[in-house]
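Residue-level listing of the chains:
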Amino acid sequence: MAETIDYLVIGLGAFGSATAYQLASRGLRVLGLEKFALGHVNGASHDSSRIVRRSYHAPNYVRLAGEAYDGWAELARAAGGPLVVPTGGLDLFPPDAAIALSDYADSLTACGIPFDVLDPAAVAERWPRVALPEGGLALHQVDTGMVHAARTVATLQRLAVERGAELRDNTPARVLAADSTGVTVTTPSGEIHAGRVVVTADAWTNEVIAGLGERLPLAVTKEQVSYFVPDRPEDFAPGKFPVWIWMDDPSFYGFPTFGQPEVKAGQDVGGKETTGDDRDFEPDPDNLAQLTSFMRRTFPGSATEVLRTVTCLYTLTRDRDFVMSALPSYPQVVMALGAGHGFKFTPTFGRVLADLATEGRTTSGIAEFSLDRPAITDADYPIRWRV
């Protein structure tokens, strides 16, 4: 006979672990399944630093980021220690940037979030290692910070188990059927019947839901970040050097030192398309050369030597917006995708997905992240990954 459970979470990266924690914290019977070992490096929730910021291109994201900050604070209280390291943040707009500063400034203003716009001289005076070209501008937001990805996921898994969740690794799962009685899922050890299922499988999303005859228009890319040796690590420490994002095409992003005397940076959406199972872990040397040149030009002394390069996966919707939604044809199955920029919203994803699984609704504004939007349903919807 099939095993039965009230709530099943498929995929235990950041979002799945946060959802399992939220469901278990509500006193519900929850089982989480992970295709690989817990804490694996095959997806998007491993390695070290991730950006946490309020600065975004649209008011709905700024508001959701505010909820995420509250969620990080609540999670820190549950974990028994702080998770977010404050750094302040710079969105760097060179002359004729491909991304509009006004989108960010207007969105922050609409949500009542303070910020400063600085010219290159003001930037250099405060952060001497930042060389913004003449004619460029920087948007500074003081609340920006960073969290440790792998530690966050491990913390969420620990808290979920402490509250009664069962987490099983090395257990790939596929949804076979869903109806008003629940959802049937197959695993190597047998079938599971769940009242509700939350799919947080990222690059393996379509593999998980294929049995329902569903397929989402997603692209998976292999991305990479690199760690550099700075000439004077103390100049790149939190408090002296910010989290930063280069708002152009190509777009880059990076961090202060974080526990080690090394600087991390990467290119946003700079990788080639692949699949979750077909990807390799070899760095792209052209990508690395372009990033290294940029670092040496824009942050003098930040990259005297390349230490290592780490790869990860982005799973992208056509509009680069999130998915937080039940499948329209199968409301018993709730879906989530972070579109390559969702880690900072991890606590909010967990709460919202638990809300959708238990109540079918949430207090957060997520209408733009539904699965019935044109970017999902319209085969001719143009791809827009640069935001």
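Preceding this section is the structure that the text describes.
Residues numbered from 1 in each chain as written. Predicted model: local features only at pLDDT ≥ 70, side-chain atom pairs only at ≥ 80, totals over all residues. Heavy atoms only, no water.

## Focus: the nonpolar core
So, point 1. Residues V30, W72, F322, M324, F345 and F349 are the most contacted members of the largest nonpolar core, which totals 72 residues.
So, point 2. Sorting elements by how many residues they give to this core places helix α2 (residues 59–79) first, with nine residues.
So, point 3. The residues touching V30, leaving out its near neighbours within four places in the chain, are I5, Y7, V9, A20, L23, A24, A165 and E166.
So, point 4. In this structure, V183, V197, A203 and M335 belong to the second largest nonpolar core, which totals 32 residues. (Core = buried A, V, L, I, M, F, W, Y, C linked by side-chain atoms within 4.5 Å. Buried < 20%, exposed > 50% of the residue type's maximum accessible area, 1.4 Å probe, protein only. Helix = DSSP H or I, 4+ residues; strand = E, 2+ residues; numbered from the N terminus. Contact = heavy atoms within 4.5 Å.)

## Quick look at the sheet that holds strand β4 (residues 85–86)
So, point 1. With antiparallel pairing, three strands are arranged side by side in an open sheet as β3-β8-β4. Two strands lie at the open edges of the sheet, namely β3 (49–52) and β4, each paired on one side alone.
So, point 2. Judged from the four bridges that link them, β3 and strand β8 (residues 145–148) form a sheet pairing that is antiparallel. Note that in β8 the partner of S49 across the bridge is H148.
So, point 3. This element, helix α5 (residues 149–162), spans β3 and β8 of the sheet and lies at about 60° to β8. (Pairing = 2+ DSSP bridges. Axes fitted to C-alpha atoms, helices over the stretch in contact; angles between N-to-C directions.)

## Describing the packing of α2 against α5
So, point 1. Interaxial distance between α2 and α5 falls to 11 Å at its minimum, and their mutual angle equals 60°. Once α2 is placed against α5, the crossing between them reads as left-handed. Each of W72, L75, A78 and A79 in α2 lies in contact with α5, whose residues at this interface are T152, T155, L156, R158 and L159. (Left-handed = near helix turned anticlockwise from the far one by under 90°.)

## Notes on the pattern of salt bridges
Side chains that carry opposite charge are capable of pairing whenever their charged atoms lie near each other.
So, point 1. Counted according to the given criterion, the structure contains 22 salt bridges.
So, point 2. Of the charged contacts, one joins D319 and R373 as a salt bridge, the two residues approaching to 2.8 Å between their closest N and O atoms. Note that D319 is positioned in the loop between β18 (305–316) and β19 (323–327) and R373 in the loop between α8 (346–359) and α9 (374–377), a separation of 54 residues in sequence. As far as burial versus exposure is concerned, D319 and R373 are alike and both buried.
So, point 3. Salt bridges linked by common partners bring R129, D231, R232, E234 and D235 together as one network. (Salt bridge = Lys/Arg side-chain N within 4 Å of Asp/Glu carboxyl O.)

## Here's the deal with the packing of aromatic side chains
So, point 1. Applying the stated criterion across every chain, the model contains 20 aromatic pairs.
So, point 2. Residues F241 and F299 carry aromatic rings whose centres are separated by 5.6 Å and whose planes lie at 80° to one another, so their mutual orientation is edge-to-face. Here F299 lies in the loop between α7 (285–298) and β18 and F241 lies in the loop between β13 (219–229) and β14 (243–246), a separation of 58 residues in the sequence.
So, point 3. One aromatic cluster is present, formed by F15, Y56, Y61, F322, F345, F349 and F369 through successive ring pairs.
So, point 4. Across the ring face of Y56, the terminal group of R53 is positioned such that the distance to the ring centre comes to 4.2 Å. (Phe/Tyr/Trp six-rings, centres within 6.5 Å; stacked < 30°, edge-to-face > 60°. Lys NZ or Arg CZ within 6 Å of the ring centre and 35° of its normal.)

## Some points on the side chain of D355
So, point 1. Locating D355 in the fold gives a position in helix α8.
So, point 2. The exposure class assigned to D355 is buried, which follows from its relative accessible area of 13%.
So, point 3. Once residues within four sequence positions are removed from consideration, D355 is found in contact with R26, G360, R361, T362 and T363.

## What about the packing of helix α1 (residues 14–25) against α8?
So, point 1. At a closest axis distance of 8 Å, the pairing of α1 and α8 adopts a crossing angle of 55°. Classified by the angle their axes make, α1 and α8 are oblique. Seen along the crossing, α1 lies across α8 with a hand that is right-handed. Residues A14, F15, A18, T19, Q22 and L23 of α1 form the contact with α8, whose own contacting residues are T346, F349, G350, R351, L353, A354 and T358.
So, point 2. For the contact of α1 with α8, the per-class residue count stands at seven nonpolar, five polar and one charged. (Parallel < 35°, antiparallel > 145°, perpendicular 65-115°, else oblique. Nonpolar A, V, L, I, M, F, W, Y, C, P; charged D, E, K, R; others polar.)

## Examining unusual backbone geometry
So, point 1. Note that the residue after D249, namely P250, is joined by a cis bond; omega there is 5°.
So, point 2. Of note, P250 is situated in the loop between β14 and β15 (251–254).
So, point 3. Although it is not a glycine, D96 adopts a positive phi angle of roughly 60°.
So, point 4. With respect to the helices and strands, the residue D96 is situated in the loop between β5 (89–93) and α3 (101–110).
So, point 5. Residue class for D96 comes out exposed when judged on its relative accessible area of 79%.
So, point 6. Of note, the phi angle at A339 is positive, near 55°, even though the residue is not glycine.
So, point 7. Residue position: A339 is located in the loop between β20 (330–337) and α8.
So, point 8. What makes A339 buried here is its relative accessible area of 0%.

## Observations regarding the environment of K272
So, point 1. Tracing the backbone through its elements, the reader meets K272 in the loop between β16 (263–268) and β17 (273–274).
So, point 2. Each C-alpha atom, one on K272 and one on K222, is 5.8 Å from the other, the two residues being 50 residues apart in sequence.
So, point 3. With near-sequence residues (within four places) excluded, K272 lies in contact with V220, T221, K222 and D284.
So, point 4. Engagement of the side chain of K272 in a polar contact is seen with the side chain of D284, the distance being 3.0 Å. (Polar contact = N/O pair within 3.5 Å; in protein donor to acceptor, adjacent residues only side chain to side chain.)

## Looking at α1
So, point 1. Its 12 residues place the ends of α1 16 Å apart at the C-alpha level, agreeing with the 16 Å of an ideal helix rising 1.5 Å per residue.
So, point 2. Within α1, 11 of the 12 residues are buried, which leaves it mostly tucked inside the rest of the structure.
So, point 3. Among the residues of α1, A14, F15, G16, S17, A18, T19, A20, Y21, Q22, L23 and A24 are the ones counted as buried.
So, point 4. Two residues or fewer past α1, G27 is found with a positive phi of approximately 80°. (Expected span 1.5 Å × (residues − 1).)

Keep in mind these numbers describe shape, not what the thing actually does.
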